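# An overview of the molecular structure
Here are the chains, one letter per residue:
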Amino acid sequence: MQKALSYRDWLSTTTTTGGATNPPMENSSTSDNDTAVVKKLVTENAVVVFARRGCCMCHVVKLLLHGHGVNPTIFDVDEQNEAAVMNELSKINTAGEGSAATEAKFPAVFVGGKLLGGLEEIMGAHISGELVPRLREAGALWL
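Please read all numbers here as calculations on a predicted model, not as lab measurements.

About the thresholds
- Residues numbered from 1 in each chain as written.
- Predicted model: local features only at pLDDT ≥ 70, side-chain atom pairs only at ≥ 80, totals over all residues.
- Heavy atoms only, no water.
- Helix = DSSP H or I, 4+ residues; strand = E, 2+ residues; numbered from the N terminus.
- Contact = heavy atoms within 4.5 Å.
- Phe/Tyr/Trp six-rings, centres within 6.5 Å; stacked < 30°, edge-to-face > 60°.
- Buried < 20%, exposed > 50% of the residue type's maximum accessible area, 1.4 Å probe, protein only.
- pLDDT = per-residue confidence, 0-100.
- Salt bridge = Lys/Arg side-chain N within 4 Å of Asp/Glu carboxyl O.

### As for the side chain of Lys62
- Examined against the element boundaries, Lys62 turns out to sit in helix α2 (residues 56–67).
- In this view, Lys62 contacts Ala51, Ile74 and Asp76; residues no more than four positions away in its chain are not counted.

Okay, structure coming up:
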C-alpha cells in the first residue's frame, strides 16, 4: 500500500501512483507556487485523494477506491493546514472549470485531473455505475 504524505511533506518530496519518488521541487512559501505544485500533482496522477487525517468519510473513499483496484495518491491534511489546502483546491477547481465548479470539500477526489467530488459524489458515481468508466478513462484501471 502507498504511504500517505502530510500536506507540507509533499512540497519537498512527492509520490506517484507507483510509489516512486520524484526529485524534490523548489520549496517556496508563496501561495501561487503551492497552487502550481498541487495542480501539477493533480494533473500528473490518475487519482488523487486529499483527505483529512483520521476522518471516517475519507477512510471510506480510500477503501472504495482500493476495493476497485485503484492505487490513488493520498494526501493526509492536518487540521492546521485545512484552510490553506481548501483554498488551493478551490483555486485549481475554479480555474479549470469556470464559475460553475463544484466546491471542494474533504475528501476531495480528483480523477483524471478533474474534481470528481467528495464522498457523496463518489458513492453516487459508484452506485450509478459511472465510477469505473471514469477510472478507466483516467488510466487508473486497466481491466
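What follows continues from the structure just given.
### Overview of the packing of aromatic side chains
- Here the structure, examined in full by the defined rule, presents two aromatic pairs.
- On the numbers, 5.2 Å between centres and 25° between planes, the contact of Phe50 with Phe75 is stacked. Taken as a pair, Phe50 in strand β2 (residues 47–52) and Phe75 in strand β3 (residues 73–77) lie far apart in primary sequence, 25 residues in all.
- Take Phe75: its relative accessible area is 1%, and that puts it in the buried class.
- Between Phe50 and Phe110, the ring centres sit 6.0 Å apart and the planes meet at 80°, which makes this aromatic pair edge-to-face. Of this pair, Phe50 sits in strand β2 while Phe110 sits in strand β4 (residues 108–111), and the two are 60 residues apart along the sequence.

### Here we look at the confidence of the model for the chain
- Summing up the model confidence of the chain, the mean pLDDT is 77 and the portion of residues at 70 or higher is 70%.
- At the low end of the mean pLDDT range in the chain sits strand β1 (residues 5–6), at 59; at the high end sits helix α4 (residues 119–128), at 95.
- Taken as a whole, residues 10–30 scores under 50 in pLDDT and shows 41 contacts with residues more than four places along the chain or in a different chain.

### A closer look at the pattern of salt bridges
- Overall, the coordinates contain four salt bridges when judged by the stated rule.
- Between Arg53 and Asp78 there is a salt bridge; the shortest N-O distance is 2.7 Å. Pair noted here: Arg53 is in the loop between β2 and α2 and Asp78 is in the loop between β3 and α3 (82–97), with a separation of 25 residues, a long-range link.
- Between Asp76 and Lys62 there is a salt bridge, with its nearest N and O atoms 3.3 Å apart. Residue Asp76 is found in strand β3, and its partner Lys62 is found in helix α2; the two are separated by 14 residues along the sequence. Assigned by exposure class, Asp76 and Lys62 land together as buried.

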